[in-house]
Amino acid sequence: MTAILEMKGITKTFPGVNALDNVNLTVEQGEIHALVGENGAGKSTLMKVLSGVYPHGEYEGQIFFEGEEKRFGNIADSERDGIIIIHQELALVPLLSIAENIFLGNERAGRGIIDWSETYRRTEELLKRVSLKESPRTRVTHLGLGKQQLVEIAKALSKEVKLLILDEPTSSLNEKDSQALLDLLVDLKGKGVSSILISHKLNEISQVADRITVLRDGATVSTLDCQKQEISEDDIVRDMVGRSLSDRFPPRQPNIGEPLFEVRNWSAFHPIHSDRQIVKNVNFHVRAGEVVGIAGLMGAGRTELAMSLFGKSYGDKISGEVRLRGKSVDVSSVHKAIKAGICYATEDRKTYGLVLDQSIRGNVPLANLKGIANGIVVDNHQERSVAEQYRSRMSIKSSGIAQKTVNLSGGNQQKVVLSKWLYAGPEVLILDEPTRGIDVGAKYEIYSIINDLAAAGKAIVVISSEMPELLGISDRIYVMNEGAFIGEMPVAEASQEKIMSMILKKGGKAA
Amino acid sequence: MTDIPAQKAETERPPALQFLRTHMREYGILFALIAIMVFFQFSTEGILLRPVNLTNLVLQNSYIVIMAVGMLMVIVCGHIDLSVGSVMGFVGALSAVLMVNFGIHYIPAAIICLIVGAAIGAIQGYWIAYWKIPSFIVTLAGMLVFKGSMMVLLKGQSVGPFPNEFRAISSGFIPDFFAGESLHITSLLLGVAVATLLVFLSIRARQKEQKHGVPEEPFFFFVGRNILVAAAIVYLTYLLATARGLPNVFIVMAILIAGYSFIAKQTTIGRRIYAVGGNQKAAKLSGINAERLTFLVFANMGMLAALAGLVFAARLNMATPKAGETFELDVIAAVFIGGASMAGGVGTVVGAVVGAFIMGVMNNGMSIMGIGIDWQQMIKGLVLLAAVIFDVYNKNKAA
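No experiment lies behind these values; they were computed from the predicted model shown.

A. Structural detail: the overall build of chain A. What chain A contains, in helices and strands, is 17 helices and 24 strands. Referenced to the eigenvectors of the C-alpha coordinate spread, the extents of chain A come out at roughly 70 × 50 × 45 Å. Looking at chain A residue by residue over its 511 residues, the buried ones come to 54%. If you take every contact in chain A between residues at least 6 apart in sequence, the share linking residues at least 24 apart comes to 68%. Carbon and sulfur atoms provide 47% of the accessible area of chain A, an area that totals close to 21,600 Å². Charge separation in chain A, taken as the distance between the mean sites of 62 positive and 66 negative side-chain charges, equals 5 Å.

Right, dumping it as structure tokens:
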């Protein structure tokens, strides 16, 4: 066999981070090559280098495609050579028809006038190749996600694809659609189309992959050949994780008290696709002074769980019970949840956390305006002193409390969000990805704040996709997958391997 | 992080300059009004600030100012209201029908009109807030509906005249308790009293600020601003006092401006409106009932449009089927000239009022100069565009 693709010594740095470090990847002609690794291991970055999103010159190393060295300047360059990537979030225009979507940007036209009969004829052919029985005139919005994936693949085929890259194609598909997609990949392989499959579902990988490359922390760890040897899922997991925890976390003396926060039989459904259950009968509790971590992959339903608990901010047909110090509390609106003492700091601070156009002073009291007012009249002095107090307590680096939050760095923005919630006086604090996108120093400060809050007897829930972070700051960890809690362990018994294999194996069976 | 050197550079700049830079918009608009007034004062050979003309200026713009106050709230909240001109005309027509055709006393009639206005605003607000229908569409529909309703009410005819007591709200003047010969003493005293009160309040606020830390505004600016504002108030009331004194509607306007400024700046409701306009998602996740606030803001807008309708009808002394046409555009322009942002979350009541007067002074000044309505429209359009470009330019420079 000959290699269709060889990536040699790819290194890509972002300011301060080595995203890819001397990565090698070889894909043989007519194989399905699986690429696995944790969130942030560098899979997406590698694929962006390959497809020309990061043009030649922004990375080091060489790319050989069909034996020739390629220097892609943009996506159009790589597509012209037959390398086509299908992203996790599909790039279809919902209100256009299947045919219009397939030939978007590549219209069957003469002198700018579209030849519709040719368009529909070609679409029919392509749909037959991916075994999708739909009219080319059907609008994409009427198709389920599984069929939309097939349309994406048909679109790739229309461009004479030689190497198809699929980024987590089955993450939001049910078992039947997933199987159909995998069968199609095998079928295409028979017709000479090679593919790279990025997936977290190890059972799917061991079903279809010819070889597996494992990435960790931006480096190639191993390439496993499924034909030559029997590869167990444990082998893959061991390669994926397995790094030591350094002292990136402040020391902590847990002082854990009575159960403070309890959630019973909590369920929630997707707000639009109301038959999709996103949170499945979840039970958990947090004690006073305890930091509880929720581990899981992206899309496991952790944010949805937290937001549905916080005043039904997410989801539909929510059911279950929330108890605080043994008493049932009403969390049916955000206002009531805050009043009961439950706060939720969002994972997306720019969209959901801050009024960016306003100052630190304007943002800090937002969840507790009563605290800075007499009746309805705002007390300017009180407002200013509250903002000053949190600015120094959290060491928010800024020119003053009048500085607009849009001009703060990520870490300082996060501190403003935390200040807002601390000023609301919570007993239970749910922190969703509290250190996403902020530098190591600021992370340490945020961990210290979390420790202080726990020491003050609050119940803390931390949702994080960074496994070492969860292991470093939690007292106890719940594992969530596909909407359900599938495991619970004290941090002393937890390890990345254990959590990962729990997710991957369970995930495989449940899917 | 990359933004730290930038911050350093900012703190090293002289504080006065830095203050001016960050408050460019607030001062800029005031300077623009002064510059425009000075320009027309010369180009109209002193007619602009003649007491009679000044009185006229106030009367002519009162209904725009009243609606601009409400519109500011709507725009800060992140919406727009295109129906205000029609609602204003409709309520004016309603008042004429009630008072002239049915002979209802003007006080209950006026109250009914205000309630009807608030109800109209509430109905539109309901669809916008709870059904998430874009305000542009709901109020565009409202604009057509109430323009039509007005014609139905008036049967295509003008209705009038109104009782004299009712007319007094827009064309009357406050009584002079001192019976001054050539000077309306009560008006002048009122002006002096208000100026003194404002200076007193801002000195007290500054003292409080000083007690708790360094005041933001440099001392020089503080003194200059206070002297300028006090002098302007006293001078303008003096001018008005040499004519017939303060118009009643001027008092109404002053109370509205002061009241809504206070609500916007100093109350939790005001804070919430700015937060909802700035980032509705973040506001909702902070426990703010964004829907109810939006609803209330539109109900309030409807009520103020009704008030403007009463003032306008009283001023014309009749309700005409043309009343209120295109006024919504003047009102919206005033708010944007006054520094509000289309995206919501930014803007001040005083800015909107100054914006309304910039438009008003230009209308008045250009009319005195004999510039045709065609040129006036073009110049006003360019001023609106320039004001917003200035805003965007400032914002980009700051970022």
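B. Here's a closer look at helix H9 (residues 302-309) of chain A. With seven of eight residues buried, H9 of chain A lies mostly within the body of the structure. Positive backbone phi, approximately 65 degrees, marks glycine 311 of chain A, located one or two places after H9 of chain A.

C. Expanded view of the packing of aromatic side chains. Here the structure, examined in full by the defined rule, presents 21 aromatic pairs over all chains. Seen in terms of ring centroids, tyrosine 63 of chain B and phenylalanine 312 of chain B are 4.7 Å apart; in terms of plane orientation they differ by 75 degrees. Their pairing is edge-to-face. You can see tyrosine 63 of chain B sitting in helix H4 (residues 51-76) and its partner phenylalanine 312 of chain B sitting in helix H14 (residues 290-316), a full 249 residues away along the chain. Residues tyrosine 63 of chain B and phenylalanine 312 of chain B agree in their burial class; the two are buried. In this structure, arginine 137 of chain A packs its charged tip against the face of tyrosine 120 of chain A, placed 3.9 Å from the ring centre. Its end group placed over the ring of phenylalanine 222 of chain B, arginine 206 of chain B keeps NZ or CZ at 4.6 Å from the ring centre.

D. Layout of the packing of helix H8 (residues 164-171) of chain B against H14 of chain B. All names here are of chain B. Two elements in contact, H8 and H14, have axes separated by 8 Å at closest approach and are oriented at 110 degrees. Here H8 is positioned roughly perpendicular relative to H14, judged by the angle of their axes. Residues Phe166, Arg167, Ile169 and Ser170 of H8 form the contact with H14, whose participating residues are Leu310, Val311, Ala314 and Arg315.

E. Looking closely at the interface of chain A and chain B. Between chain A and chain B, the residue contacts involve 36 residues of the former and 27 residues of the latter. Summed over both sides, the interface of chain A with chain B buries roughly 2,600 Å², with 58% coming from carbon and sulfur. Area buried by chain A at its contact with chain B is led by Tyr352, Leu369 and Ile376 of chain A, which between them contribute 18% of it. Here chain A and chain B share one salt bridge between them. Residues arginine 271 of chain B and glutamate 383 of chain A are paired through a salt bridge, measuring 2.4 Å at the closest nitrogen-oxygen approach. Inspection of the region where chain A meets chain B yields eight residue pairs in polar contact (both at pLDDT 80 or more). Elements with a minimum of two residues in the side of chain A that touches chain B: helix H10 (334-340), helix H11 (349-353), strand S20 (377-378), helix H13 (380-393) and helix H14 (410-423) of chain A. For the side of chain A that touches chain B, the residue count by class is 18 nonpolar, 12 polar and six charged.

F. Structural context of the sheet that holds strand S16 (residues 316-324) of chain A. All names here are of chain A. Spatially, S14-S13-S16-S17 is the arrangement adopted by the four strands of the open sheet, whose pairing is antiparallel. The outermost strands of the open sheet, each flanked by one partner alone, are strand S14 (277-287) and strand S17 (327-328). As paired elements, strand S13 (residues 259-269) and S14 share seven bridges and run antiparallel to each other. Residue pairing in the sheet places tryptophan 266 in a bridge with valine 282 of S14. Contacting S13, S14 and S16, H9 crosses the sheet at an angle of about 70 degrees to S14.

G. Quick look at the confidence of the model for chain B. All names here are of chain B. Summarising the model, chain B shows a mean pLDDT of 89, and 93% of its residues fall at 70 or more. By mean pLDDT, helix H1 (residues 3-12) is the weakest element of chain B at 40, and helix H6 (residues 106-130) is the strongest at 97. For the stretch residues 1-12, pLDDT sits under 50, and the model shows 13 contacts to residues farther than four places along the chain or on other chains.

H. Inspection of the domain arrangement of chain A at higher detail. What the domain assignment lists for chain A is domain 1 (3-240), domain 2 (259-341 + 426-510) and domain 3 (358-425). Spacing between the C-alpha centres of domain 1 of chain A and domain 3 of chain A amounts to 45 Å.

I. Layout of the environment of glutamine 277 of chain A. All names here are of chain A. Inspection of the secondary structure assignment puts glutamine 277 in strand S14. For glutamine 277, the residues in contact, after removing those within four places along its chain, are Ser267, Ala268 and Phe269. There is a polar contact of 3.2 Å between the side chain of glutamine 277 and the backbone oxygen of valine 279.

J. The arrangement of the nonpolar core in detail. Counting 106 residues, the largest nonpolar core has Met67 and Met71 of chain B as the members making the most contacts within it. No other element matches H4 of chain B, which puts 17 residues into this core. Formed by 99 residues, the second largest nonpolar core is a distinct cluster that contains Val241, Ala367, Val428 and Ile477 of chain A.

K. Highlighting the pattern of salt bridges. Residues and elements named next belong to chain A. The final tally for this structure, using the stated rule, is 34 salt bridges over all chains. As a salt-bridge pair, glutamate 79 and lysine 159 come within 3.3 Å of each other at their nearest N and O atoms. Here glutamate 79 is found in helix H2 (residues 75-80), whereas its partner lysine 159 is found in the loop between helix H5 (145-158) and strand S9 (163-167), with 80 residues between them in sequence. The residue aspartate 210 makes a salt bridge to lysine 189 at a minimum N-O spacing of 3.2 Å.

L. The arrangement of unusual backbone geometry in detail. The omega torsion of the bond from glycine 160 of chain B to proline 161 of chain B falls at -10 degrees, within 30 degrees of zero and hence cis. Following the sequence through the fold, proline 161 of chain B ends up in the loop between helix H7 (135-154) and H8. Notably, glutamate 168 of chain A is not glycine yet its phi reads approximately 45 degrees, a positive angle. Structurally, glutamate 168 of chain A can be placed in the loop between S9 and helix H6 (175-190).

M. Spatial organisation of the side chain of threonine 45 of chain A. By the element assignment, threonine 45 of chain A lies in helix H1 (residues 43-51). Contacts of threonine 45 of chain A, omitting those with residues within four sequence positions, involve Lys12, Phe14, Ala19, Leu20 and Tyr54 of chain A.

N. Structural detail: the sheet that holds strand S10 (residues 194-198) of chain A. Residue and element names in this part refer to chain A. As summarised here, the arrangement of the six strands in space is S6-S9-S10-S3-S11-S12, forming an open sheet in which the pairing is mixed. Since the sheet does not close on itself, it has two edges, and those belong to strand S6 (83-86) and strand S12 (219-225), each with one partner. The mean inter-strand angle of the sheet, taken between neighbouring strand axes irrespective of direction, is 20 degrees. With four bridges joining them, S6 and S9 adopt parallel strand pairing. Residue pairing in the sheet places isoleucine 84 in a bridge with leucine 164 of S9.

O. Up close: the pairing of strand S3 (residues 32-36) of chain A. Residues and elements named next belong to chain A. Taking burial as the measure, the five residues of S3 include five buried ones, the bulk of the element. The alternating pattern of S3 places Ile32, Ala34 and Val36 and His33 and Leu35 on opposite faces, both of which are buried. By the bridge criterion, four bridges tie S3 to S10 in an arrangement that is parallel. Following the sheet pairing, alanine 34 is matched in S10 by leucine 197. Strand direction decides the pairing type here: S3 and strand S11 (residues 211-216), joined by four bridges, are parallel. The residue bridging valine 36 from the neighbouring strand is valine 214, located in S11.

P. Spotlight on the confidence of the model for chain A. Of all residues in chain A, 96% attain a pLDDT of 70 or more, and the chain-wide mean is 88. Note on residues 507-511 of chain A: pLDDT under 50 across the span, and nine contacts to partners over four residues away in sequence or across chains.

Q. A nonpolar patch on the surface, seen in detail. All names here are of chain B. There is a patch of nonpolar side chains on the surface, built from Ile123, Tyr126, Trp127, Tyr130, Trp131, Ile133, Phe136, Ile137 and Leu140 and spanning about 880 Å² of accessible area. Looking at the nonpolar patch, the elements that each hand over two or more residues are H6 and H7. Considering each element in turn, the nonpolar patch owes the most residues, four residues, to H6. Locating tryptophan 131 in the fold gives a position in the loop between H6 and H7.

About the thresholds
Residues numbered from 1 in each chain as written. Chains lettered and ligands numbered in written order. Predicted model: local features only at pLDDT ≥ 70, side-chain atom pairs only at ≥ 80, totals over all residues. Heavy atoms only, no water. Helix = DSSP H or I, 4+ residues; strand = E, 2+ residues; numbered from the N terminus. Buried < 20%, exposed > 50% of the residue type's maximum accessible area, 1.4 Å probe, protein only. Contact = heavy atoms within 4.5 Å. Areas by Shrake-Rupley, 256 points an atom, 1.4 Å probe, with all protein chains shown as cover. Lys, Arg positive; Asp, Glu negative; His and termini not counted. Charge placed at Lys NZ, Arg CZ, Asp CG, Glu CD. Phe/Tyr/Trp six-rings, centres within 6.5 Å; stacked < 30°, edge-to-face > 60°. Lys NZ or Arg CZ within 6 Å of the ring centre and 35° of its normal. Axes fitted to C-alpha atoms, helices over the stretch in contact; angles between N-to-C directions. Parallel < 35°, antiparallel > 145°, perpendicular 65-115°, else oblique. Buried area = accessible area lost by both parts, 1.4 Å probe. Salt bridge = Lys/Arg side-chain N within 4 Å of Asp/Glu carboxyl O. Polar contact = N/O pair within 3.5 Å; in protein donor to acceptor, adjacent residues only side chain to side chain. Nonpolar A, V, L, I, M, F, W, Y, C, P; charged D, E, K, R; others polar. Pairing = 2+ DSSP bridges. pLDDT = per-residue confidence, 0-100. Domains from an automatic or database assignment. Core = buried A, V, L, I, M, F, W, Y, C linked by side-chain atoms within 4.5 Å. Patch = residues over 30% accessible without salt bridge, like charges linked within 9 Å, V, L, I, M, F, W, Y side chains within 5 Å.

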